Amino acid sequence: MTTGEFSEFLPSGGRLVVNVQSWYVHYYFPGTEIRLGGESYYIHDNQIDSYIAAWQDNLKQYKELKATLPEKSESVTRGKLGMIIAVNSRIQEGVSLSYHGINAKNEKDLKKILDSYEYARNRANLIMSFLRQL
């Protein structure tokens, strides 16, 4: 069997990594200080639909919280799949995988992320087919 790996950066951040058998999206978010290190997130091919749904549901929850919280109130909570939902936060605003990672505050931000996941899925299937022919 052929071995090999292909990777490329995605428009919304993260890196698509493809091999003959599977693919995943890898995110690395550096910490606020180099001595603290960073965080890595892996979204595997069989999880992508769950992440798409979670981003959508969590953005809906963010908008509901934003509309109901008093202006100076801060709320930071965990949404589906452990994503962070932050409203009026000093750290980050919106829905994110990490405090220092990509986030979505509106439909435009969400579309960019979800389009990247769809691109990753389509591109990965094409690359996997190519790798199998080697």
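Data block above holds the structure.
Residues numbered from 1 in each chain as written. Predicted model: local features only at pLDDT ≥ 70, side-chain atom pairs only at ≥ 80, totals over all residues. Heavy atoms only, no water.

Student: Outline unusual backbone geometry, listing residues and values.
Tutor: Backbone phi values are negative for most residues with the exception of glycine, while trans is the configuration of most peptide bonds. Look at L81: it is not a glycine, yet its phi comes out positive at around 55 degrees. For L81, the location among the structural elements is in the loop between β5 (75-78) and β6 (84-87). Residue L81 is classed as partly exposed on the basis of its relative accessible area of 46%. Of note in the backbone geometry, N88 takes a positive phi value of approximately 55 degrees without being a glycine. Mapping N88 onto the fold places it in the loop between β6 and β7 (94-96). (Helix = DSSP H or I, 4+ residues; strand = E, 2+ residues; numbered from the N terminus. Buried < 20%, exposed > 50% of the residue type's maximum accessible area, 1.4 Å probe, protein only.)

Student: Give me helix α2 (residues 107-133): which residues, what numbers.
Tutor: Relative to the 39 Å expected for 27 residues at 1.5 Å per residue, α2 spans 39 Å between its end C-alpha atoms, a close match to the ideal helical length. Residues of α2 that are buried sit in contact with β1 (5-9), β2 (15-19), β3 (23-30), β4 (38-44), α1 (48-68) and β8 (103-104). (Expected span 1.5 Å × (residues − 1). Contact = heavy atoms within 4.5 Å.)

Student: Break down the nonpolar core for me, with residues and values.
Tutor: Burial of nonpolar side chains together is a common tendency in soluble globular proteins. Ranked by internal contacts, the top residues of the largest apolar core, which has 32 residues, are V18, W23, Y27, W55, L97 and Y117. When residues of this core are traced back to their parent elements, those giving at least two are β2, β3, α1, β6 and α2. At nine residues, α2 tops the list of elements feeding residues into this core. Those residues in contact with Y117, other than ones at most four positions away along the chain, are Y27, I43, I48, Y51, I52, W55 and L97. (Core = buried A, V, L, I, M, F, W, Y, C linked by side-chain atoms within 4.5 Å.)

Student: Break down the pairing of β5 for me, with residues and values.
Tutor: Of the pairings in the sheet, the one linking β5 to β6 comprises four bridges and is antiparallel in character. Paired with S75 across the two strands is V87, which belongs to β6. Hairpin remark: β5 followed by β6, antiparallel, with five residues in the connecting loop; positive phi at L81, about 55 degrees. (Pairing = 2+ DSSP bridges.)

Student: Any chance you could break down the sheet that holds β1 for me, citing the residues and the numbers?
Tutor: Strand order across the open sheet formed by four strands is β1-β2-β3-β4, with antiparallel pairing between neighbours. With one partner strand each, in any of the chains shown, β1 and β4 form the two edges of the open sheet. Neighbour-to-neighbour, the strand axes of this sheet turn through a mean angle of 20 degrees, independent of strand direction. Where β2 lies against β3, four bridges are found, and the strand directions are antiparallel. When the sheet's bridge partners are listed, L16 is paired in β3 with V25. Running over the sheet, α2 touches β1, β2, β3 and β4 and is turned about 25 degrees from β2. (Axes fitted to C-alpha atoms, helices over the stretch in contact; angles between N-to-C directions.)

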